[in-house]
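In case you want the letters, here they are:
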Amino acid sequence: MRVWIYSAAMSAVFLASVLGTPALAQTIGSVIELNRDAYGTPPGGQTARLDLGGSVVSDELVQTLAEASTRIRFLDESDLRVGQSSMIVLDRLIYDPDQGTGEFVLGIAVGTMRFISGDLPPEQVLIETPVAMIGIRGTDFVVTVTESGRTAVAVFEGQVIIAPFGGEPVLASPGQTAVVGPTSSEAVVQAGLVVPLDPGLGKIPDESEIADGVVVEGGDGHLARDTAVPVIPTPRPSAIVLPPPPPPPPPAQAHAPPPPPARSFSKSY
C-alpha cells in the first residue's frame, strides 16, 4: 500500500490511493475538454500540460490552476469534470467491457470535481477525500474539498454513500448535500445543493428539477440495512506531501499563467 505523508504547515491536504505505482501505467481515458492550463503527472514521469485529445493513465496526478478546468472521459464512458485549483489522482481503472466488470478508484486532495458514472457497476467506484470514502449508486454528483479538508458531496442523480474516517456512513439522495468537517468523524446530510460557482463543472441542475420531491429509501440520511458500505483502507494513510509544481513553460509559451506554488513530495511503499 502506498503511504502519503502530510506536512501540517502546508495549505493543501490529504489525498491517498490504495495501490502502489504500476510498473507500466495503463491508459484509462482521454481529455475531451480543456480550459486554460491543466497539468498531468504520470507515475514516475514529468509534469506537463494536458492536451485536448491526449490520454491519461492510471495513477496520474491531474492539477488545474485558477480559472482552469478539464474534462476526462474514461474507458467505461464515465465522465470526470475537474474544476479550478484542484488536485486529483486517477488511482486505477480496471474495466472489462465484455463482462461489464472492474473497479475504479480515484482521490481528490483539494478543489472540485463532478463525476457521472458510466458502464462500470456503480458499486465498483470509490472516491477518497481527506476525511471520507465515497461510494456511489449510478450517480451524478459534485465533490468539493477545501484546503482544510472539509468535504461536501452534492447529489444530482442516484445516491451517494459517505463514510467518514472513524465515523458512521450516511446516504445522500438527489437534492441533498453531505458534509464532513476537517476534524469531524460525523457526516451531516442536509437538504439543498452546496455547489461552488465553477464553469468547469458544466450545467448544474436546478433543485426544483431534482427527484421531483420524491424521497427514496434512505433519503433521510440513514442507510438501509442491506446497504454496502465503502471499504476504508487499513491502516489508513495519515497524510500527504504534495508533488512538485508543473515546470515553467518554454520561451514560446511564456504568456501562460504561472504554475502552482512549489510543494514538496514524497512516497514510501
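Observations regarding the side chain of Ser86
Here is step 1: Relative to the helices and strands, Ser86 is located in the loop between strand E8 (79-82) and strand E9 (87-96).
Here is step 2: Assessed through its relative accessible area of 1%, Ser86 is described here as buried.
Here is step 3: Of note is the side chain of Ser86, whose polar atom sits 3.0 Å from the backbone oxygen of Gly83.
Here is step 4: Non-local contacts of Ser86, meaning those with residues more than four positions away in its chain, are made with Val62, Gln63, Thr64, Val110, Gly111 and Thr112.

Quick notes on the pairing of strand E10 (residues 101-116)
Here is step 1: Burial analysis of E10 places 13 of its 16 residues in the buried class, the great majority of the element.
Here is step 2: Where E10 and strand E11 (residues 125-128) come together, 4 bridges link them in parallel fashion. Residue pairing in the sheet places Phe104 in a bridge with Val125 of E11.
Here is step 3: With 6 bridges joining them, E10 and strand E12 (residues 132-145) adopt antiparallel strand pairing. Bridge pairing links Met113 to Val143 in E12.

Points about unusual backbone geometry
One can expect most non-glycine residues to show negative phi and most peptide bonds to be in trans.
Here is step 1: A positive phi angle is found at Glu77, which is not glycine, with a value near 75°.
Here is step 2: The topology assignment puts Glu77 in the loop between strand E7 (69-74) and E8.
Here is step 3: When its relative accessible area of 46% is taken as the criterion, Glu77 is described as partly exposed.
Here is step 4: Residues other than glycine seldom take positive phi values, yet Ser85 does so here, at roughly 50°.
Here is step 5: With respect to the element layout, Ser85 can be found in the loop between E8 and E9.

Overview of the nonpolar core
Within soluble globular proteins, side chains that are nonpolar generally end up buried alongside one another.
Here is step 1: Phe74, Leu80, Leu90, Met113, Phe115, Phe141 and Ile162 are the most contacted members of the largest nonpolar core, which has 38 residues in total.
Here is step 2: At 6 residues, E12 tops the list of elements feeding residues into this core.
Here is step 3: Residues in contact with Phe115, not counting those within four places in the same chain, are Ser78, Asp79, Leu80, Phe104, Val125, Ile127, Ile136, Thr139, Asp140 and Phe141.
Here is step 4: Counting residues in hydrophobic clusters, the runner-up holds 6 residues, among them Val142, Ala154, Phe156 and Leu193.

Overview of the confidence of the model for the protein chain
Here is step 1: Chain-level pLDDT for the protein chain is 77 on average; 68% of the residues reach the 70-or-more range.
Here is step 2: In this model residues 212-242 is a low-confidence stretch, pLDDT under 50, and it forms 75 contacts with partners more than four residues away in sequence or in other chains.
Here is step 3: In the predicted structure, residues 264-269 sits below a pLDDT of 50 and forms 22 contacts with residues beyond four places in sequence or in another chain.

Some thoughts on the packing of aromatic side chains
Here is step 1: Under the criterion given, the structure shown has 3 aromatic pairs.
Here is step 2: Summarising the aromatic geometry, the rings of Phe104 and Phe115 are spaced 5.9 Å apart at their centres and angled 55° between planes, so their arrangement reads as tilted.
Here is step 3: A residue is classified by how much of its surface remains accessible, and Phe104, at 0% relative accessible area, is buried.
Here is step 4: Taken together, a centroid distance of 6.1 Å and an interplanar angle of 50° make the contact between Phe115 and Phe141 tilted. Of this pair, Phe115 sits in strand E10 while Phe141 sits in strand E12, and the two are 26 residues apart along the sequence.
Here is step 5: One aromatic cluster is present, formed by Phe74, Phe104, Phe115 and Phe141 through successive ring pairs.

Some details on the pairing of E12
Here is step 1: Of all 14 residues in E12, 12 are buried, a share of seventy percent or more.
Here is step 2: Here E11 runs beside E12; their pairing, made up of 3 bridges, is antiparallel. From the neighbouring strand, Leu126 faces E12, where its bridge partner is Gly135.
Here is step 3: Between E11 and E12, which pair antiparallel and follow one another directly, the connecting turn spans 3 residues.
Here is step 4: Examined bridge by bridge, E12 and strand E13 (residues 151-164) share 12 bridges and lie antiparallel to one another. Residue Val145 lies in a different strand from E13, and its bridge partner there is Thr151.
Here is step 5: Remark: 5 residues form the turn of the hairpin made by E12 and E13, two consecutive strands paired antiparallel; Gly149 in that turn has positive phi of roughly 105°.

Thresholds applied
What you see as residue numbers is a count from 1 along each chain, following the sequence as written. Selection of residues for local features in this predicted model requires a pLDDT of at least 70, selection of side-chain atom pairs for listing and counting requires 80 or more, and totals for whole chains, interfaces and linings are taken over all residues. The side-chain quantities take in all heavy atoms of the structure and omit both hydrogens and water. The numbering of helices and of strands both runs from the N terminus, where a helix is a DSSP run of H or I of at least 4 residues and a strand a run of E of at least 2. The buried label goes to any residue with under 20% of its type's maximum accessible area, the exposed label to any with over 50%, and the partly exposed label to all in between, with areas taken from a 1.4 Å probe on protein chains only. Side-chain atoms alone can form a polar contact between residues adjacent in sequence; in general such a contact is a pair of N or O atoms within 3.5 Å, and within protein one must be able to donate a hydrogen while the other accepts it. Whether two residues touch is decided by their heavy atoms; if any such pair falls within 4.5 Å, the residues are in contact. Pairing between two strands is assigned when DSSP locates at least 2 bridges connecting them. We call a set of buried Ala, Val, Leu, Ile, Met, Phe, Trp, Tyr and Cys residues a nonpolar core when their side-chain atoms join them within 4.5 Å. pLDDT is a residue-level measure of predictor confidence that goes from 0 to 100. Stacked, tilted and edge-to-face are the three classes assigned to paired rings of Phe, Tyr and Trp, where Trp is represented by its six-membered ring and a pair needs centres within 6.5 Å; plane angles under 30 degrees give stacked, over 60 edge-to-face, the rest tilted.

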